[in-house]
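This is what each chain is made of:
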2 protein chains.
Amino acid sequence: MSDHTHKHLSEDALELVAERFKVLSEPLRLRLLNALMDGEKSVSELVEETGSLQANVSKHLGLLLDAGVVARRKEGLRSYYRIADKTVFELCDMVCGSLHDRLAADLEHLSGDRSSSPHRR
Amino acid sequence: MSDHTHKHLSEDALELVAERFKVLSEPLRLRLLNALMDGEKSVSELVEETGSLQANVSKHLGLLLDAGVVARRKEGLRSYYRIADKTVFELCDMVCGSLHDRLAADLEHLSGDRSSSPHRR
DNA sequence: ACGCTAAATTGCTATTTCGTCAAACGGTAG
DNA sequence: CTACCGTTTGACGAAATAGCAATTTAGCGT
């Protein structure tokens with residue numbers, strides 16, 4: 001494990017980073033990105049894969065497009081979307097790892113330690 | 001550039017990942033994490049650094065606590081918060097890098113190429 | 001021109017979430 | 001105990017957002 005020293009971010013940068021996280025904070029959008037891991041797909045394909053209505057899928061794809069996370073290619077009647085920013089997968093993987101660690105730690109605490117995490121109310 | 005192949009995530013995992021991203025999608029919460037980079041701090045210190053009202057800071061800290069991103073230590077009248085999940089900084093750094101790249105690319109396009117990103121309506 | 005189809009957009013309702021104020025809680029000191 | 005202080009919590013109004021239904025836009029074929 002490296003002890004990277006991370007830089008403080010400016011107020012403006014923070015705002016932009018928050019916005020990017022917000023784009024990734026909706027399950028349907030993550031499902032769409034997940035589906036696009038296999039490669040470019042049309043809206044109808046994505047509709048079928050996600051089981052959501054077309055209007056919803058279109059709207060969320062539009063958001064992802066504006067954010068620069070995906071790119072669009074129009075061909076005839078169809079629009080094909082693909083991943084434009086591959087870092088999203090690394091982000092997801094990193095979060096997954098972090099969640100795994102946390103779960104594992106919580107399990108440890110279940111064996112005899114009652115003092116920490118789940119914030120009792 | 002490595003061509004990592006990333007795993008597809010389960011429906012449930014996606015939901016959890018989305019929730020984690022949501023926690024990180026608020027500017028004030030990122031400001032709090034940013035302030036905690038220097039180490040453990042009390043609520044009042046964080047109130048002063050962020051310029052937000054105390055009730056607000058407390059509420060957001062509570063969210064970060066529930067999410068396991070920060071940890072709390074109570075001493076006398078005060079509560080001291082610290083980072084519990086260091087991956088948040090790597091996540092932010094990664095997003096920053098990605099945004100930087102995107103901005104650079106957009107600047108390129110300004111010199112003579114009118115076809116791509118900002119989604120004209 | 002017309003109809004058919006894929007995608008994008010609009011209007012609406014319901015839910016969520018932020019920020020603020022006010023009150024409650026928990027320690028500490030006089 | 002009472003008064004005070006730092007923190008947490010509850011309630012309220014305002015703004016944002018997801019989902020659904022209906023409409024519009026745009027390409028293709030007849």
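### Brief notes about the protein's contact with DNA strand D
Next, step 1: Every one of the 23 residues lining DNA strand D counts as a neighbour, but B:S44, B:Q54, B:S58, B:R72 and B:Y81 are closest to it.
Next, step 2: Considering the 4 Å shell around the protein, atoms of DNA strand D inside it are sugar or phosphate in 60% of instances.
Next, step 3: Measuring from a phosphate oxygen of DNA strand D, one finds a side-chain N or O atom of B:S44 at 2.4 Å.
Next, step 4: B:R72 is positioned with one of its side-chain polar atoms (N or O) 2.9 Å from a phosphate oxygen of DNA strand D.
Next, step 5: Mapped onto the surface near DNA strand D, the elements with two or more residues apiece are α2 (27-35) and α4 (54-67) of chain A together with α3 (43-50), α4 (54-66) and β3 (78-83) of chain B.
Next, step 6: Across the surface near DNA strand D, the residue classes break down as 8 nonpolar, 8 polar and 7 charged.

### What to know about the sheet that holds strand β2 (residues 70-75) of chain A
Residue and element names in this part refer to chain A.
Next, step 1: Sheet architecture is open: 3 strands sit in the order β1-β3-β2, paired in antiparallel fashion. A strand with exactly one partner marks an edge of an open sheet, and here the two such strands are β1 (41-42) and β2.
Next, step 2: Here β2 pairs with strand β3 (residues 78-83) via 6 bridges, running antiparallel. The residue bridging K74 from the neighbouring strand is S79, located in β3.
Next, step 3: Sitting on the sheet, α4 touches β2 and β3, and the angle it makes with β2 is about 115°.

### What to know about the relation of the copies chain A and chain B
Next, step 1: Least-squares fitting of chain A to chain B yields an RMSD of 0.0 Å, with the superposition described by an axial translation of 0.0 Å and a rotation of 180°. Here the symmetry operator amounts to a two-fold rotation axis.
Next, step 2: Both copies contact each other with a shared surface, as 100% of the interface residues of chain A are interface residues in chain B too.

Criteria and cut-off values
Residues numbered from 1 in each chain as written. Chains lettered and ligands numbered in written order. Predicted model: local features only at pLDDT ≥ 70, side-chain atom pairs only at ≥ 80, totals over all residues. Heavy atoms only, no water. Near = heavy atom within 4 Å. Polar contact = N/O pair within 3.5 Å; in protein donor to acceptor, adjacent residues only side chain to side chain. Helix = DSSP H or I, 4+ residues; strand = E, 2+ residues; numbered from the N terminus. Nonpolar A, V, L, I, M, F, W, Y, C, P; charged D, E, K, R; others polar. Pairing = 2+ DSSP bridges. Contact = heavy atoms within 4.5 Å. Axes fitted to C-alpha atoms, helices over the stretch in contact; angles between N-to-C directions. Least-squares fit on C-alpha atoms with pLDDT ≥ 70 in both.

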